[in-house]
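# Structural features, examined
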Amino acid sequence: MDLAGLAHKRLIEVIVAQFVHETNAPEVIDVWLRLEAVTIGVEVAADWSFRIEPCEPGQSYVMEELGGRVDVISAPDGVPFVRHIGERLVRVVERIGGGVDGTERVGAEFVFDSGTVVAESFGGDLRMTSG
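We now turn to the structure provided with this report. (Residues numbered from 1 in each chain as written. Predicted model: local features only at pLDDT ≥ 70, side-chain atom pairs only at ≥ 80, totals over all residues. Heavy atoms only, no water.)

## Side note on the pairing of strand β1 (residues 9–21)
In plain terms, the rule: Only strands that DSSP links by at least two bridges are regarded as paired with each other. Helix and strand definitions follow DSSP, with helices as H or I runs of at least four residues and strands as E runs of at least two, each counted in order from the N terminus.
Pairing of β1 with strand β2 (residues 24–35), which is carried by nine bridges, proceeds in the antiparallel orientation. Bridge pairing in β2 places Ala-17 opposite Asp-30.

## Regarding the pattern of salt bridges
Note the following rule: Any Lys or Arg side-chain nitrogen located within 4 Å of an Asp or Glu carboxyl oxygen qualifies as a salt bridge. Note on classification: 1.4 Å probe, protein chains only; a residue is buried when its accessible area is under 20% of the maximum for its type, exposed when over 50%, partly exposed between these limits.
According to the stated counting rule, one finds five salt bridges in the structure shown. A salt bridge links Glu-56 to Arg-34; the nearest nitrogen and oxygen atoms lie 3.2 Å apart. With Glu-56 in the loop between β4 (50–54) and β5 (61–63) and Arg-34 in strand β2, this residue pair connects regions lying 22 residues apart in the sequence. Since its relative accessible area comes to 52%, Glu-56 is described here as exposed. We classify Arg-34 as partly exposed; its relative accessible area is 24%.

## A word on the pairing of strand β9 (residues 115–122)
Burial within β9 is extensive, with seven of its eight residues counted as buried. Bridging between strand β8 (residues 104–112) and β9 involves six bridges; their strand directions are antiparallel. Following the sheet pairing, Val-111 is matched in β9 by Thr-116. The hairpin turn running from β9 into strand β10 (residues 125–130), its antiparallel successor, is two residues long, and Gly-123 in that turn takes a positive phi close to 60°.

## Observations regarding the side chain of Thr-116
The criterion, for reference: Contact criterion: two residues are considered in contact whenever any of their non-hydrogen atoms come within 4.5 Å of each other.
Along the chain, Thr-116 turns up in strand β9. Assessed through its relative accessible area of 12%, Thr-116 is described here as buried. Not counting chain neighbours up to four residues away, the residues in contact with Thr-116 comprise His-84, Glu-109, Phe-110, Val-111, Thr-129, Ser-130 and Gly-131.

The structure is reproduced here in C-alpha cells:
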C-alpha cells in the first residue's frame, strides 16, 4: 500500500478487534482506522509480519477452542489512536527491519497534528504506544 496516499486525511473513527477471555482483561488484536475516503487495517499477521492495508472491519466471533471471543467494537479510550479522532494524519513512517533479509515492515509511526502513535509487531502481538 502507498502510505503517502494517507497523508492529510482526517481520522473519523477507530475500531478494534479485541480478544475477550473470562479470566483476562480484553486484549486488542487488530485496529481499523476510518479515514476520509478509506479505511485501513493495522494488524500483525500469523507470521508476525506487520501489515497496513485497506480493508473493512470484520464481524465479532466466538473462539470456542480458546474459551473466548473476539469483539469488534469502537475503540476504548485506552487505544492511543482514539485521542487523535478528528485530526489529520500528517504522514505514516514505516519501520523496517524484520524478516530474513531485514527488509520487512515491523511497524509504523502515525504522525497526527497533535502527536504520534507507534504501532508495531512485538512478539507476534500488536503493540501501540503514544509518541
